[in-house]
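# Residue-level structure breakdown
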Amino acid sequence: MAKYYLAPMEGITTYIFRNAYHKYFRKMDKYYTPFFVPHSKRGLNLKEQEEILPAHNAGLFVVPQILSNNGNDCVQTIEKLKRYGYEEINLNFGCPSRTVASKYRGSGFLAKTEELDRFLDTVFSNEKDVKISVKTRLGRDEPEEFERILSIYNQYPLEELIIHPRVQKDYYMHEVRLSWYAYAEGHSRHSLCYNGELNTVKNIQEMQQRFPQTDCWMIGRGMIANPGLLMELEAEKLKNEKKIQSYGGFSIEKERMAAFLQDICIHYEEASPKEIYVLFKMKEIWTYLMRYYPDHLEKIRKIKKTQTIEEYKREVQEIFTLLR
Ligand SMILES: Cc1cc2nc3c(=O)[nH]c(=O)nc-3n(C[C@H](O)[C@H](O)[C@H](O)COP(=O)(O)O)c2cc1C
């Protein structure tokens with residue numbers, strides 16, 4: 001059975017978003033937190049604690065993610081996370097952001113293969129009782145760098161290797177380099193998870209046909225744009241197995257979407273007294289939902305211009321009244 005993971009997305013896939021998604025849509029097999037940057041001199045800050053408190057993640061399989069290029073700092077942070085009961089930790093070698101990569105972190109760290117090797121050596125020598133997975137790009141500048149990088153990953157007992165087959169310099173622009181994902185399938189000793197541009201049922205089905213050896217699929221933006229994506233995929237599968245005679249296609253019921261968004265908004269309001277913060281969070285989600293409601297772009301632009309929560313809620317209500 002294929003497994004599906006919700007990709008970490010800084011600022012978006014927060015514990016509030018994850019819980020609402022889990023309540024209203026097809027449950028994910030794993031949820032990854034946006035990255036934590038280790039601080040050697042202090043404990044986890046309030047925002048980080050909120051993100052990983054067991055009470056905020058009850059019933060979800062959550063994997064905290066760390067962004068670091070310093071083995072000792074990373075080990076310290078893993079120790080802190082273990083105290084909260086986490087059994088699996090993910091290391092981020094994928095972030096393409098210029099500010100991150102220029103400090104040789106995220107996908108920028110892939111340009112320093114000796115340091116990467118030493119980093120993993122420190123982490124795996126110190127951490128024997130926790131599962132460690134890696135989320136990676138192919139390299140910093142050229143995909144050929146992946147040959148060396150993969151040979152390094154192959155030396156360590158990774159729980160899983162999640163590959164976003166682009167290099168740092170591609171950001172999200174260059175098309176995914178699928179021949180390099182095929183290379184990974186042929187040369188990795190780890191179980192692989194594919195990530196990148198799984199935006200529609202058709203994309204997912206095509207990728208599953210092309211890479212039948214892979215049974216883990218991590219989805220990011222496609223899932224924010226269409227939280228019903230996996231329900232649609234399952235409905236499509238049932239139809240193909242001829243278990244459904246008349247099938248008119250799947251779409252998220254407006255009541256479900258409205259309740260999901262309301263749940264997120266209420267929890268952000270509870271978490272922060274700052275109206276501007278709550279508005280920012282909600283508008284960010286609507287930026288992705290524009291793809292799901294292409295016939296309502298004007299209305300969504302109005303939502304994005306709102307200045308108060310009251311105004312925001314009024315506009316959202318209006319859009320759901322219009323929807324069939
Ligand atoms: C706004 C945003 C924030 C992201 N934050 C993270 C992060 O914290 N950690 C990480 O590993 N990847 C992060 N990513 C990358 C995603 O996890 C994912 O690899 C990328 O979006 C490609 O997958 P997709 O095409 O399914 O969206 C982020 C991407 C976006 C667009």
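For the structure itself, consult the block above.
Conventions used here
- Residues numbered from 1 in each chain as written.
- Predicted model: local features only at pLDDT ≥ 70, side-chain atom pairs only at ≥ 80, totals over all residues.
- Heavy atoms only, no water.
- Helix = DSSP H or I, 4+ residues; strand = E, 2+ residues; numbered from the N terminus.
- Rg over C-alpha atoms; globule rule 2.2 N^0.38 Å.
- Buried < 20%, exposed > 50% of the residue type's maximum accessible area, 1.4 Å probe, protein only.
- Areas by Shrake-Rupley, 256 points an atom, 1.4 Å probe, with all protein chains shown as cover.
- Lys, Arg positive; Asp, Glu negative; His and termini not counted.
- Charge placed at Lys NZ, Arg CZ, Asp CG, Glu CD.
- Expected span 1.5 Å × (residues − 1).
- Contact = heavy atoms within 4.5 Å.
- Phe/Tyr/Trp six-rings, centres within 6.5 Å; stacked < 30°, edge-to-face > 60°.
- Salt bridge = Lys/Arg side-chain N within 4 Å of Asp/Glu carboxyl O.

Right, let's get into the overall build of the protein. Within the protein, the regular secondary structure consists of 14 helices and eight strands. Its C-alpha radius of gyration of 20 Å places the protein within 12% of the 20 Å reference for a compact globule of 324 residues. The dimensions of the protein, computed from C-alpha atoms along their principal axes, are 60 × 50 × 35 Å. Looking at the 324 residues of the protein, the share that counts as buried comes to 52%. Accessible surface, the protein as shown: approximately 15500 Å² in total, 50% of it carbon and sulfur. Each charge sign in the protein was given a centre, from 48 positive and 45 negative side chains, and these centres are 2 Å apart.

For the α-helix, the turn length of 3.6 residues means that residues three or four positions removed from each other point alike. With 12 residues, helix 10 (residues 229–240) should cover 16 Å at 1.5 Å per step; its first-to-last C-alpha distance of 17 Å lies within 8% of that length. Of all the positions in helix 10, only Leu-229, Leu-230, Met-231, Leu-233, Ala-235 and Glu-236 are classed as buried. Tucked into the core, helix 10 has its buried residues touching strand 1 (3–6), helix 1 (15–24), helix 8 (201–210), strand 8 (216–219), helix 9 (221–225) and helix 11 (254–271).

Let us look at the packing of aromatic side chains. Any two aromatic rings considered together are summarised by their centre-to-centre distance and by the angle between their planes. Inspection of the entire model under this criterion finds 18 aromatic pairs. Ring geometry for Phe-93 versus Phe-109: centroids 6.0 Å apart, planes at 50°, classification tilted. Of this pair, Phe-93 sits in strand 4 (residues 88–93) while Phe-109 sits in the loop between helix 4 (98–101) and helix 5 (113–126); the two residues are 16 residues apart in sequence, bridging distant segments of the chain. An identical accessibility class is assigned to Phe-93 and Phe-109; each is buried. A connected cluster of aromatic rings, assembled from ring pairs, spans Phe-17, Tyr-21, Phe-25, Tyr-31 and Phe-260.

Side chains carrying opposite charge are able to pair once their charged atoms draw close together. The final tally for this structure, using the stated rule, is 22 salt bridges. Among the salt bridges present, the one from Glu-51 reaches Arg-18, with a minimum N-O distance of 2.6 Å. Taken together, the positions of Glu-51 in helix 2 (residues 46–52) and Arg-18 in helix 1 put the pair 33 residues apart, joining distant regions of the chain. Per residue, the accessibility class of Glu-51 equals that of Arg-18, and both read buried. The residue Lys-202 makes a salt bridge to Glu-206 at a minimum N-O spacing of 3.3 Å.

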